[in-house]
Amino acid sequence: MRLSDFNYSLPEELISQEALPDRAASRLLYLSRNSAKLQDLMFRSLPELLRSDDLVVFNNTRVFPARLYGRRGGVRAQPVSPHNPASKSFLQGQVEVLLTRQLSAHPNEWECLVRPGRKIGVGERLFFGDGGELQAEVMARGSFGERRIRFAPASDFMSLIENLGHVPLPPYITRSDRPADRERYQTIYARERGSVAAPTAGLHFTPEILSRLRERGIETTEITLHVGLGTFQPVREDVVERHKLHKEHFSISEQAAASINAALESHRRIVAIGTTSVRTLEHAARETGRVQAGPGEADIFIYPGFQFRVVGALLTNFHLPQSTLLMLVSAFAGREFVLNAYRHAVEQKYRFYSYGDCMFVE
């Protein structure tokens, strides 16, 4: 398959820049794989689209303020403020670092993306905070411009990150993050800190919607996948099959694995909330067809031709052209059907991407 097989046209004005005040007020495009039909609904219709014996699986990861603004060593200290994510201009010596995955705790090393990328070399020292409260050294470069950095010992590293960091809104949101994004760019069930991007299909849920699931007797469970480069890195290969995903940490509890496997044994449907839940479940079941409990690192790349062994229905937001997430949804529902649904969503002026509307595929 070619990368161009997963392209579509999207007017810029349909890229949502703001979250709706009411999480559940989003629109929902319903895709039936059996009938190949589309239906325009509201997200509040979701509980009625589910079967009473479904098992709904949520990703309970929590986003942390992973975007840091600082300065390079040897440059006179100056106040550092957030840049417009869409802008590539920096004052002399200023840097932006997006932490994507912790590689080790002792020493405290992270994989990250940096801007301006070409100027930041191995051995460079970086300072964060007006007084340099947090310091790091660049230890290595990766294949696609990412860096490995080592932070100097700090008495409470994550408290400093919470203080100095910014919500890592995606680059297609062309405004700076605001204090309200700290909670709005989280699911209401977010618990396990570690993601640099929200599992956005879950952003639509409210306590009321979860209560309606319980009222219908629909079982739910939670797993964890910390979203990193594997979810949002661009595909750089023209031939899709050559692309390799970065690893992302996940964890499945014994209780969650037992619930999922019991549903599979009794031929009940597993409904994944978001592509991150899909990747975690299918990765954990790829050897035996049953989900294995425990921690791990998922690098499974799902594209058309993939045989799903766990997931029977999917709630997902709309994804970027030529992205691995669009390929995953195309693998689940069929490329032509999905791209037709996207064309319909554009015509009907759905809101796209992280703070946008969603689709339910069964």
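Residues numbered from 1 in each chain as written. Predicted model: local features only at pLDDT ≥ 70, side-chain atom pairs only at ≥ 80, totals over all residues. Heavy atoms only, no water.

## Some words on the sheet that holds strand β15 (residues 294-298)
Across the sheet, which stays open at both edges, the 9 strands sit in the order β2-β1-β17-β16-β14-β3-β12-β13-β15 with mixed pairing between neighbours. With one partner strand each, in any of the chains shown, β2 (37-42) and β15 form the two edges of the open sheet. Each strand of the sheet is rotated relative to its neighbour by a mean of 25 degrees, with strand direction disregarded. Bridge count between strand β12 (residues 219-225) and strand β13 (residues 248-252): 2 bridges; the pairing is antiparallel. When the bridges of β13 are listed, Thr224 appears paired with Ser251. (Pairing = 2+ DSSP bridges. Helix = DSSP H or I, 4+ residues; strand = E, 2+ residues; numbered from the N terminus. Axes fitted to C-alpha atoms, helices over the stretch in contact; angles between N-to-C directions.)

## Comments concerning the layout of surface pockets
Which parts of space are left empty comes out when a probe the size of a water molecule is rolled across the atoms. Of the volumes computed, that of the second largest pocket is approximately 300 Å³. In terms of lining, the second largest pocket is formed by 15 residues, of which the most central are Arg101, Gln102, Gly194, His226 and His249. Broken down by secondary-structure element, the contributors of at least two residues to the lining of the second largest pocket are β6 (94-104), β11 (192-195) and β13. Counting residues per element, the lining of the second largest pocket draws most heavily on β6, at 3 residues. A per-class count over the lining of the second largest pocket returns 4 nonpolar, 6 polar and 5 charged. (1 Å grid on protein atoms, 1.4 Å probe; cavity = no way out; pocket = protein on both sides within 12 Å on 5 of 7 lines; lining within 4 Å. Points joined across faces, edges and corners; volume = space filled by probe spheres on them. Nonpolar A, V, L, I, M, F, W, Y, C, P; charged D, E, K, R; others polar.)

## Section: unusual backbone geometry
The step from His106 to Pro107 runs through a cis peptide bond, and the omega angle for that step is 0 degrees. Within the element layout of this structure, Pro107 appears in the loop between β6 and β7 (109-115). Of note, the bond from Arg115 into Pro116 is cis; its omega dihedral lies within 30 degrees of zero at -5 degrees. Mapped onto the secondary structure, Pro116 falls in the loop between β7 and β8 (125-128). The phi angle at Gln322 is positive, at roughly 60 degrees, despite the residue not being glycine. Structurally, the position occupied by Gln322 is in the loop between β16 (313-317) and α8 (324-333). The exposure class assigned to Gln322 is partly exposed, which follows from its relative accessible area of 27%. At Tyr353, a position not held by glycine, the phi torsion is positive, near 80 degrees. Looking at the element boundaries, Tyr353 is found in the loop between α9 (335-347) and β17 (358-361). (Buried < 20%, exposed > 50% of the residue type's maximum accessible area, 1.4 Å probe, protein only.)

## Overview of helix α2 (residues 157-164)
Within α2, burial applies to Phe157, Met158 and Ile161. End-on view of α2: buried residues confined to an arc of 95 degrees, all on one side of the axis. Structurally, α2 contributes buried residues whose contacts are with β5 (67-72), β6, β7, β9 (134-141), β10 (147-151) and β11. (Arc of directions from axis to C-beta. Contact = heavy atoms within 4.5 Å.)

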